[in-house]
Every structure is written in structure tokens, then in C-alpha cells.
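# Results of the structural survey
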Amino acid sequence: MQIRFTKMQGAGNDFVVLDETTQRLGLSAAQYRFLADRHFGVGADQILSVRAAPAPEVDFEYVIHNADGGEVEQCGNGARCFARFVRDKGLTDKDSIRVQTMKGVIVPELMPDGRVTVDMGRPQFAPASVPFDAAGLAPRPMGDGEQWPLQVQGASAGSLLQLWVGVASMGNPHAVQIVDDVQNAPVGFVGAQIECHERFPKRVNAGFMQIVQRGEIHLRVFERGSGETLACGSGACAAVATGIRLGLLDHRVDVHTRGGTLTIAWSGQPDDSVFMTGPATTVFEGQIEIPDSL
């Protein structure tokens, strides 16, 4: 099967974008994995499928598959690339676009400076909404929130390491821990354990947040189904919302990732949305032959 694609990136989080507005490609999980493969395919953290509106109150639908072929609920950097894609391709002339995702409607807005702002919806902190199995655990209160104990394997054989994480959902699950030095944090070793921890029945994105000052953090994220990425938009939102709730951050925060800077704003009020602003860039376009069976 020959398909056309657009390669995009937002703060280094990279995507293969597929236009399915006129016809569904019907790709399998294995074919999504092929596209994401950096040796045999195009290479990407996620595959974004742009589809026609499923209802009159929205403009488009967008579906996200991780590099492992699994469909996921939300991707903030992907939402910005989605908005840039549909405008650049002439699929809409709107600056504010209503988009149906697995977990609800999001509203990316193209800004005059070329960046894109996305209404990412309300953060959810109740363990069941993440979901997070908190049975038998005693949280540590902080500010208006709490941190939860989580045990993972330590660096030496047989040792255990106890972490304290804030759990949050931005339409997808996140576990955020505060670290002193994010550059030297064991993101790969610990992040992989957190992602698949039995306390997270749908797996989880593991965030490592270093607080520089109340309006500035450094962040690395080990993403569910993709490993560590250069940036994670929903992870940035979850980290900032968690930090605000713990009383550690202001209501507008610059988040420095390995791929670039995102600006996250949240009032701290439970009924208010989190807003994310950042870049979205087309890298190249092409055509690829996908094997019919993998």
C-alpha cells in the first residue's frame, strides 16, 4: 500500500501525520509500528490520523497511535501539529478549531506568532480518574494536593526505591515526580518501571520535573508506548498542574524540555482548563510503501 504522509514536530516531539479526511486507510497496529520505526519506516513518536468531523459541532476528528501501535487518548504536542497541518493543507480557514479526540473535544488555536495554543481541558487528580490504584496507600498532603508513595526496583539487585508522585489525568494518565537534577535523573531505568507499574492498570506517562523557580521548570517524560521523547505536551500540562496544586508553581510556567520550551497556564481552579502554547513545524512530506501484512 502506497500512502502519503507529512512529518511534523512540536518541540522535538515528532509525528507522522496522515490525511484520512476523504478515506480511511485502515492500518493495523503492526503497520503503525512500521511507520514509527526509525530504521525501516518514517520514524516518529506518534502517528496522527486526521479525519472528517464525526458530528456537526466539531471540525475534525483526530486519532493518535503511539510508536508501539497502540491507540492513546491525548497528545498535546500532536494537537498543535494537527492544527498547523489542517491550516497548511487548506482543510480549514479557521484559527480556532474544534477537534474530537478519544477523550473529548479539544480546541487548538493558531496564534499570530506562528505558535499554537491548545485548550487541553481540565486536569483530573482523583486516583480513579487517572486511573491509579491507591488501595492501601497513605498519601502525603502538600498544598491543595497530595503525593503518593510508589515503589520501584533500585539500582542494586534486590533493592527497592520509594518515590513520591503526583498522579493526574489530562485525558491520559501521568505520574509526576520532583527531582533535584533532571539531566541526571534515571529517566530510562525508573521511567520504564513506572510506565508499567501494577498501580497503573492502563500504564502511565512518567514525568521527571525539576523546579527552577515558580514560573520555570525543566521536564523529561518517559511516555507510555514510546519511551522518552524530546517533549510531551500533555506531560508538561500534568507537571505544571500538579506543581500548582502542590503550591510549588505559579499559574503560568515555562516548561523547558529537551526539544524546546512550552508555556503552560492554569488558574488552579478545578473547573478551569489548562492551556498550552508552543511551536508546530512541518519537517518534510513524502510517500512510503507499507507492507500489506506484517
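Residues numbered from 1 in each chain as written. Predicted model: local features only at pLDDT ≥ 70, side-chain atom pairs only at ≥ 80, totals over all residues. Heavy atoms only, no water.

### Thoughts on the overall build of the protein
Helix and strand counts for the protein stand at 4 helices and 19 strands. Over its C-alpha trace the protein gives a radius of gyration of 19 Å, about what one expects of a compact globule, namely 19 Å for 294 residues. For the protein, the C-alpha atoms occupy an extent of roughly 50 × 40 × 30 Å along the three principal directions. Counting all 294 residues of the protein, 54% fall into the buried class. Here the analysis covers contacts within the protein between residues at least 6 apart in sequence; of these, 61% occur between residues at least 24 apart. When the accessible surface of the protein is totalled, it reaches about 12400 Å², and 48% of it is carbon and sulfur. Positive and negative charge centroids in the protein, built from 25 and 34 side chains respectively, lie 1 Å apart. (Helix = DSSP H or I, 4+ residues; strand = E, 2+ residues; numbered from the N terminus. Rg over C-alpha atoms; globule rule 2.2 N^0.38 Å. Buried < 20%, exposed > 50% of the residue type's maximum accessible area, 1.4 Å probe, protein only. Contact = heavy atoms within 4.5 Å. Areas by Shrake-Rupley, 256 points an atom, 1.4 Å probe, with all protein chains shown as cover. Lys, Arg positive; Asp, Glu negative; His and termini not counted. Charge placed at Lys NZ, Arg CZ, Asp CG, Glu CD.)

### Observations concerning unusual backbone geometry
A cis amide bond, omega -5°, links Val 130 with the succeeding residue Pro 131. Counting through the fold element by element, Pro 131 comes out in the loop between β8 (116-119) and β9 (140-142). A positive phi angle is found at Ala 11, which is not glycine, with a value near 55°. With respect to the helices and strands, the residue Ala 11 is situated in the loop between β1 (2-10) and β2 (13-20). Of note in the backbone geometry, Arg 203 takes a positive phi value of approximately 65° without being a glycine. Mapped onto the secondary structure, Arg 203 falls in the loop between α3 (187-195) and β13 (205-213).

### Things to note about the side chain of Arg 51
Of note, Arg 51 is situated in strand β3 (residues 46-52). A polar side-chain atom of Arg 51 sits 2.7 Å from a polar atom in the side chain of Glu 20. Beyond its immediate chain neighbours, meaning those up to four positions away, Arg 51 contacts Glu 20, Thr 21, Arg 24, Tyr 32, Phe 60, Glu 61 and Val 63. (Polar contact = N/O pair within 3.5 Å; in protein donor to acceptor, adjacent residues only side chain to side chain.)

### What to know about the packing of aromatic side chains
Evaluated as defined, the whole model comprises 6 aromatic pairs. Ring centres of Phe 132 and Trp 148 lie 5.7 Å apart, and the angle between their planes is 65°; on these two criteria the pair is classed as edge-to-face. Taken together, the residues Phe 132 in the loop between β8 and β9 and Trp 148 in strand β10 (residues 145-153) connect sequence positions 16 residues apart. Of the two residues, Phe 132 and Trp 148, both sit in the buried class. Feature note: the residues Phe 60, Tyr 62 and Phe 82 constitute an aromatic cluster, connected by ring pairs. (Phe/Tyr/Trp six-rings, centres within 6.5 Å; stacked < 30°, edge-to-face > 60°.)

### As for the pattern of salt bridges
Per the stated rule, a full pass over the model turns up 19 salt bridges. Taking the shortest distance from any N to any O, the salt bridge between Asp 14 and Lys 7 comes out at 3.3 Å. Among the residues examined, Asp 14 registers a relative accessible area of 9% and is labelled buried. Assessed through its relative accessible area of 10%, Lys 7 is described here as buried. Two residues, Glu 228 and Arg 220, come together in a salt bridge whose shortest N-O distance is 2.7 Å. Residue class for Glu 228 comes out partly exposed when judged on its relative accessible area of 29%. Overlapping salt bridges bring together Lys 7, Asp 14, Arg 38 and Asp 45 as one network. (Salt bridge = Lys/Arg side-chain N within 4 Å of Asp/Glu carboxyl O.)

### Digging into helix α1 (residues 29-36)
Where burial is concerned, most of α1 is hidden: 6 out of the 8 residues are buried. Buried residues belonging to α1 abut β1, β2, β3, β4 (60-66) and β19 (281-289).

### Examining the pairing of strand β12 (residues 173-178)
With 5 of 6 residues buried, β12 lies mostly within the body of the structure. Between the antiparallel neighbours strand β11 (residues 160-169) and β12 lie 3 residues, among them Gly 171 with a positive phi of about 90°. Relative to β13, β12 runs parallel, the two being bridged by 5 bridges. Bridged to His 174 within β13 is Asn 205. (Pairing = 2+ DSSP bridges.)

### Things to note about helix α4 (residues 233-245)
Taking 1.5 Å per residue as the helical rise, α4 with its 13 residues ought to reach 18 Å, and the 18 Å between its terminal C-alpha atoms agrees with that figure. Where burial is concerned, most of α4 is hidden: 12 out of the 13 residues are buried. Of the residues making up α4, those classed as buried are Gly 233, Ser 234, Gly 235, Ala 236, Cys 237, Ala 238, Ala 239, Val 240, Ala 241, Thr 242, Gly 243 and Ile 244. (Expected span 1.5 Å × (residues − 1).)

### Here we look at the environment of Ala 29
Along the chain, the position of Ala 29 falls in helix α1. Linking Ala 29 and Ala 67, residues 38 residues apart in sequence, is a C-alpha distance of 9.4 Å.

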